[in-house]
Amino acid sequence: REVDPQRRAILVTDNQHWSLTFDTTKSVDELITSTAADKRFKPGSTMVYSVKCDSTKTRFSLSSSSPAIPHAPERPPAVAGSFYPKRDCERENLVEEILRDLTNKQHSPVHPKQVNAAMVPHAGLRYSGRIAADVWRRIDLPDDILIIGPKHTTDGVNWAVAPHETWTLSDSANMPGNPTFAKMLADHVPGMELDAAAHRREHGIEVQLPFLHRLAPSSRITAIAMGRAAHADLQEAAQALATLLKSLPTPPLIVISSDMNHFAAEQENQRRDKLALEKLAALDPHGLLNTCAKEKISMCGQIPAAFALLTLQHMGCTCKYQEIAYCTSAEVSGDISSVVGYAGILF
C-alpha cells in the first residue's frame, strides 16, 4: 500500500530470471500483475520487490529473459576442442580407443538389447567417456533418441526442446534431429517450449554425439534441457509425455544425461552418490529429489531423471535397474580432495 508508482518500480525475481517495470500510469496491483506475467516465473518461488526509481520517462520495462528461439535448423558444436577433440580424426580415434578397450576388458560378449531408458554421464570424454560408451554399446539403438539433460546455463527458457534439424560435430560430421517430434513435445507437454537459445552452450547432449555418430549415425536426436521444477509440474508433464509417447507407432529411446554429485571429497562423494543411486534403483523419482535435497546431493540431472522415471511409470513400463559402471573423476585426475561422480545405468 505504501508503494508510490510515481517513484518506485516493481521487481519480480525467482533468483534465475527477473523483470522490472516502472509505469507512473498504473496502480501497484497492475504493476505487479504485469511484471509477474512472464510464464517463466513459477508460483511459490517468485519474490516481489519495490525499487526506488528516478527516471525522465514515465514508463519502461526491463527483463533478463530473452524471447525463445523456436527455429534454428543447425546446432553448431559448443564444446568441441574441450570436452572432446575438435578434429574428426582425433575424435573418432578416441571413440574407437574407448570402445576397443571396453571390448578387450569385458569378461563376456556384449549383445545390444532393447531397453526402456538409460542414464549416461556427460563430463569430458577423458573423464566419463568410458562409462557413457559402455552404456551406449549395450543398447539396440532405435531410429529416434530423446535425450533429457539439465540446464547448465541460464540461457533461454526453463524447459527447452531443441528445434534443430541437424546436430553438427564438425564441418564434415553431423547427426540428424527430429524437429517434427520436437514440435510435438512443445505442443503437448506443459512447460516445454521450442528454444535453440537454451541449447546454444549446453554440453549435456552434445558430449553424447561422438558415440552416437559412431554407433548409430542415422538415429535422429531430440533433446530437452530442463531447469528448475516443482513435483506437481513434473507429474503433469510426465503424464502428458507418456500419453504422447504411447500414441506413437515407435516411441523414442529415453536417455537421461547426468553426472552424479559434484566437488566433495572422494569418500563423501561416493556416500552421496550411493544414496541417489539407491533411489534410482528403487525407481523412486520423488524419493530421488527429496534425498538430493536433504543430503545436498548436487546430481545435475536429478530433475531429468525424476521426469524420465515418472514418464516410464505413466507409460506402464516394467523397468529393471542395471548399474553398468560407476567411478569418480579421481580415477583420471588422481585428486581425491574434490571429485565428480559418474554412473551408467540401464532401466
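Cut-offs and rules
The numbering scheme is per chain: residues are counted from 1 as the chain's sequence reads. Restriction of local features to residues with pLDDT of at least 70 applies here, the model being predicted, together with a cutoff of 80 or more for giving and counting side-chain atom pairs; totals for whole chains, interfaces and linings are based on all residues. Side-chain numbers here rest on the full set of heavy atoms in the structure, without hydrogens or water. Put simply, DSSP marks the helices as runs of H or I at least four residues long and the strands as runs of E at least two long, and each gets a number from the N terminus on. With a 1.4 Å probe rolled over the protein chains alone, any residue whose accessible area is under 20% of its type maximum counts as buried; one over 50% counts as exposed, and the rest are partly exposed. Should DSSP find at least two bridges between two strands, the strands are taken to pair. Salt bridges, as used here, are contacts in which a Lys or Arg side-chain nitrogen is within 4 Å of a carboxyl oxygen on Asp or Glu. As a rule, the C-alpha atoms of each element are fitted with a line to give its axis, helices using only the stretch in contact, and angles between N-to-C directions run from 0 to 180 degrees. We call two residues in contact when some of their heavy atoms are within 4.5 Å. By nonpolar core we mean a set of buried residues, namely Ala, Val, Leu, Ile, Met, Phe, Trp, Tyr and Cys, connected to one another through side-chain atoms within 4.5 Å. Directions pointing from the helix axis toward each C-beta atom define the arc. One fewer than the residue count of a helix, multiplied by 1.5 Å, yields its expected span. Counted as positive: Lys and Arg. Counted as negative: Asp and Glu, with His and the chain ends omitted from the count. Think of a polar contact as two N or O atoms within 3.5 Å of one another; within protein, one of them needs to be a possible hydrogen donor and the other a possible acceptor, and neighboring residues in sequence only count if both atoms come from side chains.

Enquirer: What am I meant to see in unusual backbone geometry here?
Expert: Excluding glycine, residues mostly carry a negative phi; peptide bonds, for their part, are mostly trans. The phi dihedral of Phe 263 falls on the positive side, at around 65°, and the residue is not glycine. Mapping Phe 263 onto the fold places it in strand E14 (residues 262-264). Judged by its relative accessible area of 60%, Phe 263 falls in the exposed class. A positive phi angle, near 55°, is found at Leu 283, a position not held by glycine. Topologically, Leu 283 is positioned in the loop between helix H7 (266-281) and helix H8 (285-294).

Enquirer: When you look at the sheet that holds strand E9 (residues 166-168) in this model, what are you seeing that I'm missing?
Expert: Picture the strands of a sheet paired through backbone hydrogen bonds; they go either parallel or antiparallel. Taking strand neighbours across the sheet as the criterion, the 3 strands line up as E5-E9-E10 in an open arrangement whose pairing is mixed. Every other strand in the sheet has two partners, leaving strand E5 (74-75) and strand E10 (174-176) as the edge strands with one partner each. Bridge count for E5 against E9 is 2 bridges, and the pairing is parallel. Note on E9: the bridge partner recorded for Arg 75 is Trp 167.

Enquirer: I tried to follow the pattern of salt bridges on my own but got confused; where do I start?
Expert: Between side chains of opposite charge, a pair can form when the charged atoms approach closely. Enumeration according to the criterion identifies 17 salt bridges in this entry. What you see here is one network of salt bridges that share partners, running through Glu 268, Arg 271, Arg 272 and Glu 295.

Enquirer: Can you help me understand the sheet that holds strand E3 (residues 47-52) in this one?
Expert: With antiparallel pairing, the 4 strands of this open sheet are ordered in space as E3-E1-E2-E4. What marks the edges here is a single partner per strand, and that holds for E3 and strand E4 (59-63). The mean angle between the axes of side-by-side strands here comes to 15°, regardless of whether they run parallel or antiparallel. Pairing of strand E1 (residues 8-13) with E3 involves 6 bridges; the strand directions are antiparallel. The residue of E3 that forms the bridge with Thr 13 is Met 47. The strands touched by helix H1 (residues 28-35) are E1, strand E2 (18-23) and E3; relative to E2, the strand with the most contacts, the crossing angle is about 145°.

Enquirer: Could you clarify how one ought to interpret the nonpolar core in this entry?
Expert: The nonpolar side chains of a soluble globular protein tend to be buried with one another. Formed by 46 residues in total, the largest nonpolar core has its most connected members in Leu 280, Met 299 and Phe 347. With 8 residues, the single largest contributor to this core is helix H9 (residues 302-315). Excluding residues that lie within four positions of it along the chain, Phe 347 makes contacts with Val 115, Asn 116, Ala 117, Ala 118, Met 119, Ile 256, Leu 280, Leu 283, Leu 309, Cys 319, Lys 320 and Tyr 321. Ranked by size, the runner-up nonpolar core spans 41 residues in total, among them Ile 147, Ile 205, Ile 324 and Tyr 342.

Enquirer: Looking at this structure, I do not really get the environment of Ala 198. What am I missing?
Expert: In this structure, Ala 198 sits in the loop between strand E11 (193-194) and helix H5 (209-215). Discounting chain neighbours no more than four positions away, the residues touching Ala 198 are Lys 151, Asp 155, Gly 156, Val 157 and Ala 160.

Enquirer: Can you help me understand H1 in this one?
Expert: For an α-helix, the turn length of 3.6 residues means that residues three or four places apart are oriented alike. Among the residues of H1, those classed as buried are Val 28, Leu 31 and Thr 35. Summarising the axial view, the buried residues of H1 lie within an arc of 60°, below the 170-degree limit, and thus occupy one face. Seen from the buried face of H1, the exposed residues on the opposite side, beyond 90 degrees, are Asp 29 and Thr 33. Among the structural elements, E1 and E2 are those in contact with the buried residues of H1.

Enquirer: I would appreciate a short explanation of H9 in the present structure.
Expert: With 14 residues, H9 extends 20 Å between its outermost C-alpha atoms, agreeing within 8% with the 20 Å of an ideal straight helix rising 1.5 Å per residue. Most of H9 sits inside the fold, with 11 of its 14 residues counted as buried. By the burial criterion, the buried members of H9 are Gln 302, Ile 303, Pro 304, Ala 305, Ala 306, Phe 307, Ala 308, Leu 309, Leu 310, Thr 311 and Leu 312. Immediately downstream of H9, the backbone of Gly 316 shows phi near 75°, a positive value.

Enquirer: What's the story with the side chain of Lys 151 in this structure? I'm lost.
Expert: As for its placement among the helices and strands, Lys 151 is situated in the loop between strand E7 (144-150) and strand E8 (159-161). This buried residue, Lys 151, is left without a salt bridge; Asp 195 holds the nearest opposite charge, at 6.2 Å. Polar contacts involving the side chain of Lys 151 include one to the main-chain carbonyl oxygen of Asp 155, which spans 2.6 Å. Within the local environment of Lys 151, its side chain forms a polar contact with the backbone oxygen of Val 157, the two atoms lying 2.8 Å apart. Not counting chain neighbours up to four residues away, the residues in contact with Lys 151 comprise Gly 156, Val 157, Asn 158, Ala 198, Glu 202, Ala 225, Met 226 and Gly 227.

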